[in-house]
Amino acid sequence: MAKTALVVGASGIVGSATAALLIEQGWRVHGLARRPTAQEGVAPVAADLQDATATARALEHLSPDAVFITTWLRQDSEAENIRVNAAMVRNLLDALPKPTAPRHVALVTGLKHYLGPFEAYGKGVLPQTPFREEQGRLDVENFYYAQEDEVFAAAERDGFTWSVHRPHTVIGKAVGNAMNMGTTLAVYATLCRETGRPFTFPGSAAQWSGLTDMTDAGQLARQLLWATETEAAHNQAFNIVNGDVFRWQWMWSRIADWFGIEAAPFDGTARPLEQQMANDADTWRQIAQREKLAEPDLNRLASPWHTDADLGRPLEVVTDMSKSRRLGFTAYQPTDDAFFALFERLRTDRLIP
């Protein structure tokens, strides 16, 4: 019999990629979201994880072999991030029937495990790069830690195995996602081409010239499935990136070339996208109408604030993958190819011209 998976946040960048891979591998997939979207092969489960009673009702007849938690809700403070997101994980795991067969729960967090939450991002004493899993937690409150603790407590209570996955910035497609650098840069490049504005790197000198890495959503999905099916990976935390490193001064030109524009020279001054794109909503709507695009609302495609947070870091960010490599995870994804594949998909789906 096919194994059954519950993908939480199935309409997001990571969740949709994970669901697609599981279906390809013969799993039966249930996709949980507050407002599920139609996804081929995915059985929709509508639930608001902030509502414990409604979540329990939605999941009472579902006993999955694996659970993939790929969602969170941003709040106005880290205290609220902790309260809301810890409760969502707790409500989810409390709602599932206690497993009568082996079950694995995989939680997706990220590099804020090492960099700190938004309120203390990149500040204070940080671990050395490359970031390694054994470096542990910072001495600050962080909703990622609270999510982990909910998984650990439920695993001890119910007897399932777990894994934690820490991607860098994720490249993938999901309309309406609040953390979406790939689509944001595609929209920005399109606007620059349309208006004749310079395609200007928005971030810091440290990011422009330092080494960095990223995570393709498909690469993350492959590690999630690998950890689920690999006994040696159970009850472990893993970093997950594509496997290459690059400098933005190289990647920026590669992206510009794809869109047929020139990359503007970088003079060391940060010019955040949130400022550059502040008045672009009407221009995008006009482009969408003329080109018959699927999404005329700029705010549902681009997340300048999040891209600015990543590209504005004052320090080099590189991630070590040795732990999972030693255990047999060998998948690799060149980051420029990941960007180009996303841009092609956005064009095919009529999200960019």
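Anything mentioned here points back to the structure above.
Counting of residues starts from 1 at the beginning of each chain's written sequence and follows it residue by residue. Where local features are concerned, this predicted model is filtered to residues with pLDDT of at least 70; where side-chain atom pairs are given and counted, the filter is 80 or more; whole-chain, interface and lining totals use all residues. With hydrogens and water excluded, all non-hydrogen atoms of the structure serve as input to the side-chain values.

Draft legend 1. Summary view of the pattern of salt bridges. When a carboxyl oxygen of Asp or Glu is within 4 Å of a side-chain nitrogen of Lys or Arg, the pair counts as a salt bridge. Evaluated as defined, the whole model comprises 17 salt bridges. Taking the shortest distance from any N to any O, the salt bridge between R254 and D336 comes out at 2.7 Å. Note that R254 is positioned in helix α9 (residues 248-258) and D336 in helix α15 (residues 335-348), a separation of 82 residues in sequence. Relative accessibility thresholds used throughout: buried, under 20% of the residue-type maximum; exposed, over 50%; partly exposed, between the two (1.4 Å probe, protein chains only). Taking relative accessible area as the criterion, D336 reaches 10% and is therefore assigned buried. Each member of the salt-bridge network shares a partner with another, and the members are R137, E148, D149 and R166. Segments assigned H or I by DSSP are reported as helices when at least four residues long, segments assigned E as strands when at least two residues long, and all are numbered from the N terminus.

Draft legend 2. Summary view of the sheet that holds strand β1 (residues 4-8). Any two strands with at least two DSSP bridges between them are considered paired. Strand order in the open sheet formed by seven strands is β3-β2-β1-β4-β5-β6-β10, and the pairing between neighbours is parallel. Each edge of the open sheet carries a strand with a single partner, namely β3 (42-46) and β10 (236-240). Going across the sheet, the axis of each strand differs from the next one's by a mean of 20°, ignoring polarity. As defined by bridge partners, β1 adjoins strand β2 (residues 28-33) across five bridges and the pair is classed as parallel. Across the sheet, A5 pairs through a bridge with V29, a residue of β2. When checking whether two residues touch, look at their non-hydrogen atoms; a contact exists if any pair is within 4.5 Å. To define axes, lines are fitted to C-alpha atoms, for helices over the stretch in contact only, and angles between the resulting N-to-C directions are given on a 0 to 180 degree scale. Lying on the sheet, helix α3 (residues 78-95) is in contact with β1, β4 (66-69) and β5 (104-108); it crosses β4 at an angle near 165°.

Draft legend 3. Examining the environment of F259 more closely. Within the secondary structure layout, F259 lies in the loop between α9 and α10 (273-276). Here F259 falls in the buried class, since its relative accessible area comes to 2%. Linking F259 and F343, residues 84 residues apart in sequence, is a C-alpha distance of 9.2 Å. Residues contacting F259, with those up to four places away along its chain left out, are A186, A189, T190, R193, F343 and I352.

Draft legend 4. Seen up close, α3. Helix span, as expected, comes to 1.5 Å for every residue beyond the first. End to end, α3 covers 25 Å across 18 residues, agreeing with the expected 26 Å (1.5 Å per residue, within 8%). Within α3, 13 of the 18 residues are buried, leaving the element largely enclosed by the surrounding structure.

Draft legend 5. Fine view of the pairing of β10. In terms of burial, β10 is largely enclosed, as four of its five residues are buried. Pairing between strand β6 (residues 161-167) and β10: five bridges, direction parallel. Pairing of H165 across the sheet is with F238, part of β10.

Draft legend 6. Molecular detail of the environment of A17. Along the chain, A17 turns up in helix α1 (residues 13-24). Sequence separation between A17 and Q219 is 202 residues; the distance between their C-alpha atoms is 9.0 Å.

Draft legend 7. Examining the packing of aromatic side chains more closely. Ring pairs are drawn from Phe, Tyr and Trp, using the six-membered ring of Trp, whenever the two centres fall within 6.5 Å, and their geometry is named by plane angle: stacked under 30 degrees, edge-to-face over 60, tilted for the rest. The final tally for this structure, using the stated rule, is 21 aromatic pairs. Taking 5.5 Å as the distance between ring centres and 85° as the angle between the ring planes, the aromatic pair formed by F201 and F266 counts as edge-to-face. You can see F201 sitting in the loop between α6 (181-195) and α7 (205-209) and its partner F266 sitting in the loop between α9 and α10, a full 65 residues away along the chain. As far as burial versus exposure is concerned, F201 and F266 are alike and both buried. Grouping aromatic residues by their ring pairs yields a cluster made of Y188, F199, F201, W208, F246, W248, W252, W258, F259, F266, F339 and F343. Only lysine NZ and arginine CZ atoms are considered, and such an atom sits over a ring when it is within 6 Å of the ring centre and within 35 degrees of the ring normal. Lying across the ring of W305, R74 places its NZ or CZ 3.9 Å from the centre. Over the face of the ring belonging to F238 we find K323, whose NZ or CZ atom lies 5.3 Å from the ring centre.

Draft legend 8. Expanded view of the nonpolar core. Core analysis: the biggest nonpolar cluster contains 41 residues, and F199, W248, I255, F259, W284, F339 and F343 have the highest contact counts within it. Those elements that place two or more of their residues in this core are α6, α9, α11 (281-291), α12 (298-301) and α15. In terms of residue count, the dominant contributor to this core is α6 (eight residues). Those residues in contact with W284, other than ones at most four positions away along the chain, are V187, T190, L191, L293, E295, P296, D297, L298, L301, L351, I352 and P353. Here, nonpolar core refers to any group of buried Ala, Val, Leu, Ile, Met, Phe, Trp, Tyr and Cys residues whose side-chain atoms link them within 4.5 Å. Grouped together as the second largest cluster of nonpolar side chains are 32 residues, A17, V170, L224 and M321 included.

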